[in-house]
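Examining the three-dimensional arrangement
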Amino acid sequence: METTFVLVHSPSVGPSTWAPVAESLERRGHTAVVPDLTGVTTGGPPPYWPRVVEAVRGTAPDTSVVLAAHSNAGFFMPLIKEGLGDRVVACVFTDAQIPPRDGLIKVAEEEFLPFLRDLAGPDGMLPRWTDWWDEEDVVALLPDPAVRVRVAAEQPRLPLDYYTQALPVPAGWDDVRCSCLWFSPAYESVAEEAGRRGWPVTRLPGEHLHQLIDPEGVADALLKLSRVSP
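This is a predicted model, so every value here is computed, not measured.

Calculation rules
- Residues numbered from 1 in each chain as written.
- Predicted model: local features only at pLDDT ≥ 70, side-chain atom pairs only at ≥ 80, totals over all residues.
- Heavy atoms only, no water.
- Helix = DSSP H or I, 4+ residues; strand = E, 2+ residues; numbered from the N terminus.
- Contact = heavy atoms within 4.5 Å.
- Buried < 20%, exposed > 50% of the residue type's maximum accessible area, 1.4 Å probe, protein only.
- Pairing = 2+ DSSP bridges.
- Axes fitted to C-alpha atoms, helices over the stretch in contact; angles between N-to-C directions.
- Phe/Tyr/Trp six-rings, centres within 6.5 Å; stacked < 30°, edge-to-face > 60°.
- Lys NZ or Arg CZ within 6 Å of the ring centre and 35° of its normal.
- Salt bridge = Lys/Arg side-chain N within 4 Å of Asp/Glu carboxyl O.

1. Focus on the side chain of Gln 165
Mapped onto the fold, Gln 165 is located in the loop between α7 (160–164) and β6 (166–169). Sequence-distant contacts of Gln 165, that is, excluding residues within four places in its chain, are made with Pro 47, Tyr 48, Trp 49, Phe 76, Ile 105, Lys 106 and Val 107.

Written out as structure tokens, the structure reads:
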């Protein structure tokens, strides 16, 4: 059965963060889709996660699926897997947060919330993600000016409650092949946790948006970690 790579971007950014990897996979004869999650907080109050699941379900064809989630999209992986059912054959956490095996999880850790509350406006809305950081930090993440403009332009402004929402974690979500693709030092503890769970861990040292810097290397790693023939 054909396998589709479903590349899930963080709702903090947009689908162009995965587009070069999707193009690389397609050049090699694989099907790859990137659901657009930039509007998941605009359809009403939380919970937002059902809209994430529906956006992915509406994009994924009726094939076997490899899920690859980046950054805080990792927290949605169990719910997305549950929504797609038995079609999911592998989950690759790509410089992404790893949920617990079950229970509840918040998108932002408690110690990060004061920073976010200081950023939020009176309407409870946050600036675009790249506006949280100094310009030199954003340039380090996105050194190509054209890519930097494109990524910045499609980012949504998210409400603070996107980061405080509690996500349910269905038990048994990790009963398929799970793995970790590590890019950046900020996710070192995540890679260590993946190792403790016995998952394969591949390291491609770079910045958090390394899939935009080295899409060919990231595509190679996704194929190897998911055990899909190149």
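From this point, the discussion proceeds with the structure in view.
2. Quick notes on helix α1 (residues 19–27)
Within α1 the residues assigned to the buried category are Pro 20, Val 21, Ala 22, Ser 24 and Leu 25. Where α1 is buried, its residues meet β1 (3–8), β2 (31–33), α9 (210–213) and α10 (215–226). Backbone geometry just after α1 places Gly 29 at a positive phi near 95°.

3. Here's the deal with the sheet that holds strand β7 (residues 177–182)
Within the open sheet, the 6 strands sit side by side as β2-β1-β3-β4-β7-β8. Their pairing is parallel. The sheet is open, and its two borders are formed by β2 and β8 (201–203), each paired with just one other strand. Strand after strand, the sheet turns through a mean of 20° between neighbouring axes, direction not considered. Sheet topology note: the strand β3 (residues 64–71)/strand β4 (residues 88–96) ladder contains 7 bridges and is parallel. Across the sheet, Ser 71 pairs through a bridge with Ala 96, a residue of β4.

4. A short note on the packing of aromatic side chains
The final tally for this structure, using the stated rule, is 12 aromatic pairs. Plain terms: the ring middles of Tyr 162 and Tyr 163 are 4.8 Å apart, the flat faces sit at 90° to each other, and that makes the pair edge-to-face. Following the ring pairs from residue to residue traces out a cluster consisting of Phe 76, Phe 112, Phe 115, Trp 129, Trp 132, Trp 133, Tyr 162 and Tyr 163. Geometry around Trp 182 places Arg 203 over its ring, the cationic atom sitting 4.8 Å from the centre.

5. A word on the pattern of salt bridges
Tallied over the entire structure, the rule returns 11 salt bridges. A salt bridge links Glu 216 to Arg 27, with the nearest nitrogen and oxygen atoms 2.3 Å apart. Residue Glu 216 is located in helix α10, and its partner Arg 27 is located in helix α1; the two are separated by 189 residues in the primary sequence. On the basis of relative accessible area, Glu 216 is assigned to the partly exposed category, the value being 33%. Judged by its relative accessible area of 59%, Arg 27 falls in the exposed class. What emerges from the salt-bridge pattern is a single network uniting Arg 27, Arg 28, Glu 216 and Asp 220.

Bear in mind that shape data such as this cannot, by itself, settle questions of function.
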